[in-house]
Structures are given as C-alpha cells and as structure tokens.
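Examining the three-dimensional arrangement
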Amino acid sequence: MEGTYAPNHKTLDGKLCISVHPLTHPQTINPKIIDQIVVVQNICGQSIRVRVCYAGSTDCIEVALAGYQKLQRVLGIAAGSTNFQFEYRELY
C-alpha cells in the first residue's frame, strides 16, 4: 500500500491494537457468489481508523473503530472464490 500512514497503535505491553481477520460467506440467493469479509478489532481505548485493501490493489475500504470495538465489513464480492488476500494500515 502506498501513501503516508500512521504508526501502528500498541498496548502498554507492546501488542498491536488492531487485528484484521478474513471471513467468507455465500450469499443466500446464489451460494456461488461469495461475500469476502474482514473482521476488524480494536483492543485499545482510543479510536483508530484503518484502511483495508485487497493485497496489491487500490480496491479498499476504510473502517473507523471506537475503543474496544469489533466490526465486520464486506471488502468485496467474488464468484466462487473463498480465498483472498488483504493488507491494512492505520490512518491518521
């Protein structure tokens, strides 16, 4: 990902505040169409904004998390593909 990003927020014991995990879910109407989802969690008290993109792509979403919040967002939709790669960065 290109651009200027904030340094990663960390807890007092050095753990990253933000974690991002992939999830896929077939659509109800057509199970061959797959929602590619990211679950973004903030384990720290401050609000943090995160940009999540498909790896090597400019196809991105931005997620704003309050302290101690966990959100699920659709990154994209694919026909039959349950595998996807992503990257994320914290924003100022």
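Look a little higher up for the structure.
Residues numbered from 1 in each chain as written. Predicted model: local features only at pLDDT ≥ 70, side-chain atom pairs only at ≥ 80, totals over all residues. Heavy atoms only, no water.

1. Points about unusual backbone geometry
- Phi is positive for tyrosine 68, which is not a glycine, with a value near 60°.
- Along the chain, tyrosine 68 falls in the loop between strand S4 (60-65) and strand S5 (70-79). (Helix = DSSP H or I, 4+ residues; strand = E, 2+ residues; numbered from the N terminus.)

2. Description of the pairing of strand S3 (residues 48-54)
- Burial runs high along S3: five of the seven residues are buried.
- The hairpin turn running from S3 into S4, its antiparallel successor, is five residues long, and glycine 56 in that turn takes a positive phi close to 70°.
- In this sheet, strand S6 (residues 86-91) lies alongside S3 in antiparallel orientation, the contact comprising six bridges. Looking across to S6, one finds that arginine 49 is bridged to leucine 91. (Buried < 20%, exposed > 50% of the residue type's maximum accessible area, 1.4 Å probe, protein only. Pairing = 2+ DSSP bridges.)

3. Structural notes on the nonpolar core
- In this structure, Ile18, Val38, Val40, Val52, Leu65 and Leu75 are the most contacted members of the largest nonpolar core, which totals 16 residues.
- Listed by contribution, the elements that provide at least two residues to this core are strand S1 (18-26), strand S2 (33-42), S3, S4 and S5.
- Here the element with the most residues in this core is S3; it accounts for four residues.
- Residue contacts for valine 52: discarding those within four places in its chain leaves Val38, Val40, Asp59, Cys60, Ile61, Leu75, Phe86, Glu87 and Tyr88. (Core = buried A, V, L, I, M, F, W, Y, C linked by side-chain atoms within 4.5 Å. Contact = heavy atoms within 4.5 Å.)

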